Amino acid sequence: MSRTSNGPSKPHDEEQRLRELGYRPVLARRMGGFGNFAISFSVISILSGCMTLYGFGLGAGGPAVMLWGWAGVGLFVLCVGLALAEVTSAYPTSGALYYMADRLGGRRWGWYTGWLNLLGLLGAIAGIDYGAALFTGAFMNLRWGFEPTPEKTMLIFVVILLLHAVLNLFGVRLVSLLNSVSVWWHLAGVALIVGALAIVPDHHQSPSFVFTEFVNDTGWSSPLYVAAIGLLLAQYTFSGYDASAHLSEETSNASVSAARGIVRSIWVSWIAGFVLLMGLTFAIQDYDTTRATDTGVPPAQILLDGLGTDGASALLVVVIVAQLFCGNAEVAAASRMVFAFSRDGALPGSGLWRKVSVRTQTPVAAVWLSVVVAGLLALPSLYSATAYGAVTAINVIGITPAYAIPVLLRLRAGDRFQPGPWSLGKWSRPIGWTAVTWVAFVTVLFCLPQSSPVTVDTMNYASVALAVVLILATVWWYAARRSYGTPATAAYSDQEQAELAEGIV
């Protein structure tokens with residue numbers, strides 16, 4: 001389906017290409033093609049998304065929606081990934097989505113795309129690491145009778161955030177190594193979990209239950225509406241693959257490797273995730289008990305019922321480590337977005353956030369900003385049981401539209417768009433329009449209320465978060481529009497541009 005006009009493996013002078021795009025190279029290009037794929041695969045993290053939202057799926061459509069929804073959503077997300085990979089190949093920069101939008105549509109397109117992308121990335125850190133905290137609490141509950149109260153879960157969450165900040169300060173080589181380990185950990189973990197659940201339990205659900213059972217505990221009467229809402233599990237999990245693009249300034253042969261990294265991370269996750277969901281659902285011993293588990297995490301109850309305390313505890317460790325890999329990769333991607341957006345003068349205090357460490361060639365301040373904001377986003381979880389769902393919805397509602405905007409602008413540009421070495425050729429337009437249509441659908445869908453009746457506790461705050469970010473971005477535009485701009489649009493002198501691009505401390 002795709003082609004590389006200069007051969008499948010011919011390397012490009014990526015430093016020169018970056019200079020052509022207007023930036024002076026300041027980040028260390030120490031990541032290979034596998035490492036680039038690994039960071040997106042780690043961020044998608046089926047052992048994070050599938051596991052943390054599995055309980056939501058049990059009530060919003062049940063097994064049928066989880067399994068078939070995963071298959072359908074994965075196909076459409078693959079179209080989004082293919083279309084985005086083509087644009088990434090043409091513009092391999094850390095700014096990624098907003099830089100593409102800026103070049104193809106102008107400054108305002110880039111501005112709003114950047115803010116949506118940033119919201120999604122920071123929401124993803126909050127969602128991933130808070131999910132890891134929930135699973136850690138469930139593990140401690142199984143082993144030591146620990147009561148995972150909101151306050152204790154928040155404390156675990158803060159510790160995880162600090163761990164990921166520290167790991168990201170050591171440089172991209174460590175990040176790349178951890179992501180490479182993460183790939184095999186995820187695949188082996190899925191095989192271990194599914195294998196154990198297939199062999200050990202005496203009882204398994206029937207295929208008709210796994211593939212056709214529909215459950216509606218949302219309060220809404222329309223099965224179609226409930227099935228649509230239930231797609232959140234898959235769509236939330238299938239996000240974050242723009243990480244390959246954000247790390248392109250640190251990847252060898254990025255014009256090809258980053259594009260391939262996006263696509264491979266999606267289809268590998270698509271297959272492995274379906275196997276994981278199927279294995280979990282076949283192993284459910286009691287549906288109601290699983291949903292109302294004292295651990296607070298339904299997959300933990302499935303493991304406990306099927307494998308006993310020791311087996312469940314061991315596999316929960318596998319899941320928790322995978323989630324930690326995922327959160328670490330997401331902090332890397334978000335910090336590069338903060339760095340790039342600040343390099344182009346878009347954030348308050350940009351002069352600080354774009355600075356790069358001389359020793360590690362890592363944007364240290366951007367790493368700390370990313371984890372602090374993610375921590376603030378998760379604070380409502382102290383007061384509302386539905387806040388975690390809101391955080392995941394914020395991630396989806398922010399990052400998903402940001403994926404489609406560069407694709408839409410590329411379609412609008414027609415022959416004016418100059419493809420990079422990785423291209424879809426004649427499939428570019430049909431795949432692109434499929435991607436844009438799907439994103440428009442899910443953006444509207446995930447602004448809708450997920451539970452009825454709609455109260456303060458059950459309200460879907462994704463639409464509110466989206467409105468707040470767009471309003472703040474509009475207000476800040478009038479304060480920062482003179483300083484913001486990619487090199488092609490900013491009215492900087494050569495010396496000023498060099499200083500902005502370098503930002504080394």
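Keep in mind it's a predicted model, so treat the numbers as computed, not measured.

**Here's the deal with the nonpolar core**
Here comes step 1: Tyr 91, Tyr 241, Leu 276 and Phe 341 are the most contacted members of the largest nonpolar core, which totals 162 residues.
Here comes step 2: Of the residues forming this core, the biggest block, 22 residues, is contributed by helix α16 (residues 298-343).
Here comes step 3: Leaving out residues up to four positions away in the same chain, Tyr 91 has contacts with Arg 17, Leu 21, Tyr 99, Met 100, Arg 103, Leu 104 and Phe 417.
Here comes step 4: Ranked by size, the runner-up nonpolar core spans five residues in total, among them Ala 38, Phe 41, Val 183 and Val 268.

**Describing the packing of α16 against helix α18 (residues 364-378)**
Here comes step 1: Their axes nearest at 8 Å, the elements α16 and α18 cross at an angle of 115°. Along this stretch, α16 crosses α18, giving a crossing that reads as right-handed. Residues Val 331, Ala 334, Ser 335, Val 338 and Phe 339 of α16 form the contact with α18, whose participating residues are Ala 366, Val 367, Leu 369, Ser 370 and Val 371.
Here comes step 2: Counted by class, the contact of α16 with α18 contains eight nonpolar, two polar and no charged residues.

**With respect to the layout of surface pockets**
Here comes step 1: Empty space within the second largest pocket amounts to approximately 470 Å³.
Here comes step 2: The wall of the second largest pocket is formed by 19 residues, among which Trp 115, Leu 118, Leu 122, Val 373 and Val 469 lie closest to the centre.
Here comes step 3: Within the residue set of the lining of the second largest pocket, elements represented by two or more residues are α7 (107-144), α18 and α21 (462-480).
Here comes step 4: With seven residues, α21 is the largest single contributor of residues to the lining of the second largest pocket.

**What to know about the confidence of the model for the chain**
Here comes step 1: Here the chain averages 87 in pLDDT, while 92% of its residues score no lower than 70.
Here comes step 2: Predicted confidence is poor over residues 2-10, with pLDDT under 50, and the contacts of this stretch with residues over four places away or in other chains come to 19 contacts.
Here comes step 3: Of the regions scoring below 50 in pLDDT, residues 490-505 engages in 29 contacts with residues more than four places distant in sequence or in other chains.

**Notes on the packing of aromatic side chains**
The geometry of an aromatic ring pair is captured by the separation of the ring centres together with the interplanar angle, meaning the angle of the planes.
Here comes step 1: Tallied over the entire structure, the rule returns 25 aromatic pairs.
Here comes step 2: An aromatic cluster is present here, built from Tyr 98, Trp 111, Trp 115, Phe 341, Trp 477 and Tyr 484 joined pairwise through their rings.
Here comes step 3: Directly above the aromatic system of Phe 146 lies the positively charged group of Lys 152, at a separation of 5.2 Å from the ring centroid.
Here comes step 4: Arg 343 extends its terminal NZ or CZ atom over the ring of Tyr 23, reaching a point 3.7 Å from the ring centre.

**A few points about the side chain of Ser 313**
Here comes step 1: Structurally, Ser 313 is set in helix α16.
Here comes step 2: With a relative accessible area of 4%, Ser 313 lands in the buried category.
Here comes step 3: In contact with Ser 313, not counting residues within four places along its chain, are Phe 139, Leu 142 and Arg 143.

**Considering the state of the cysteines**
Here comes step 1: Enumeration over the complete set of coordinates arrives at zero disulfides.
Here comes step 2: Cys 79 takes part in no disulfide bond, and the closest cysteine sulfur to it belongs to Cys 50, at a distance of 19 Å.
Here comes step 3: Since its relative accessible area comes to 16%, Cys 79 is described here as buried.

**Here's the deal with helix α20 (residues 428-445)**
Here comes step 1: With 18 residues, α20 should reach 26 Å at 1.5 Å per residue; the first-to-last C-alpha distance of 26 Å fits that figure.
Here comes step 2: Within α20, the full set of buried residues consists of Ser 428, Ile 431, Gly 432, Ala 435, Val 436, Trp 438, Val 439, Val 442, Thr 443 and Leu 445.

**Overview of the pattern of salt bridges**
Here comes step 1: Counted by the stated rule, this structure contains seven salt bridges.
Here comes step 2: In this structure, Arg 29 engages Glu 15 in a salt bridge whose closest nitrogen and oxygen atoms are separated by 2.9 Å. Of this pair, Arg 29 sits in the loop between α1 (14-20) and α2 (33-44) while Glu 15 sits in helix α1, and the two are 14 residues apart along the sequence.
Here comes step 3: Residues Glu 20 and Arg 17 are paired through a salt bridge, measuring 3.3 Å at the closest nitrogen-oxygen approach. Of the two residues, Glu 20 and Arg 17 both sit in helix α1, three residues apart, roughly one turn of that helix.

**As for the environment of Gly 95**
Here comes step 1: Position of Gly 95 among the secondary structure elements: in the loop between α5 (62-90) and α6 (97-105).
Here comes step 2: Since its relative accessible area comes to 1%, Gly 95 is described here as buried.
Here comes step 3: Each C-alpha atom of the pair Gly 95 and Ala 312 lies 41 Å from the other, and the pair is 217 residues apart in sequence.
Here comes step 4: Residues contacting Gly 95, with those up to four places away along its chain left out, are His 246, Met 337, Ala 340 and Arg 343.

**Observations regarding unusual backbone geometry**
Here comes step 1: Omega for the bond connecting Ser 452 with Pro 453 falls within 30 degrees of zero, at 0°, which places this linkage in the cis form.
Here comes step 2: You can see Pro 453 is positioned in the loop between α20 and α21.
Here comes step 3: Positive phi values are uncommon outside glycine, yet Asn 253 reaches one of about 50°.
Here comes step 4: Considering the arrangement of structural elements, one finds Asn 253 in the loop between α13 (243-246) and α14 (254-282).
Here comes step 5: Classification of Asn 253 by relative accessible area gives buried; the value is 14%.

**Looking at empty space enclosed by the protein**
Here comes step 1: The tally for this structure, following the rule as stated, stands at one cavity of 30 Å³ or more.
Here comes step 2: Taken as a whole, the largest cavity encloses approximately 70 Å³ of empty space.
Here comes step 3: Taken together, Val 43, Ile 44, Ser 48, Gly 49, Ala 124, Ile 128, Tyr 236, Thr 237, Ser 239, Gly 240, Glu 330 and Asn 395 form the lining of the largest cavity.
Here comes step 4: Put simply, the parts of the chain that give the lining of the largest cavity at least two residues each are α2, α3 (46-52), α7 and α12 (232-237).
Here comes step 5: The class makeup of the residues in the lining of the largest cavity is five nonpolar, six polar and one charged.

**A closer look at the environment of Asp 242**
Here comes step 1: Within the element layout of this structure, Asp 242 appears in the loop between α12 and α13.
Here comes step 2: Overall, the relative accessible area of 0% leaves Asp 242 in the buried class.
Here comes step 3: Once the C-alpha coordinates of Asp 242 and Leu 121 are considered, the two residues, 121 residues apart in sequence, prove to be 9.4 Å apart.
Here comes step 4: Not counting residues within four places of it along the chain, the set of residues in contact with Asp 242 comprises Ser 40, Leu 97, Asn 117, Leu 121, Ile 399 and Tyr 403.

Procedures and definitions
Residues numbered from 1 in each chain as written. Predicted model: local features only at pLDDT ≥ 70, side-chain atom pairs only at ≥ 80, totals over all residues. Heavy atoms only, no water. Core = buried A, V, L, I, M, F, W, Y, C linked by side-chain atoms within 4.5 Å. Buried < 20%, exposed > 50% of the residue type's maximum accessible area, 1.4 Å probe, protein only. Helix = DSSP H or I, 4+ residues; strand = E, 2+ residues; numbered from the N terminus. Contact = heavy atoms within 4.5 Å. Axes fitted to C-alpha atoms, helices over the stretch in contact; angles between N-to-C directions. Left-handed = near helix turned anticlockwise from the far one by under 90°. Nonpolar A, V, L, I, M, F, W, Y, C, P; charged D, E, K, R; others polar. 1 Å grid on protein atoms, 1.4 Å probe; cavity = no way out; pocket = protein on both sides within 12 Å on 5 of 7 lines; lining within 4 Å. Points joined across faces, edges and corners; volume = space filled by probe spheres on them. pLDDT = per-residue confidence, 0-100. Phe/Tyr/Trp six-rings, centres within 6.5 Å; stacked < 30°, edge-to-face > 60°. Lys NZ or Arg CZ within 6 Å of the ring centre and 35° of its normal. Disulfide = S-S within 2.5 Å. Expected span 1.5 Å × (residues − 1). Salt bridge = Lys/Arg side-chain N within 4 Å of Asp/Glu carboxyl O.

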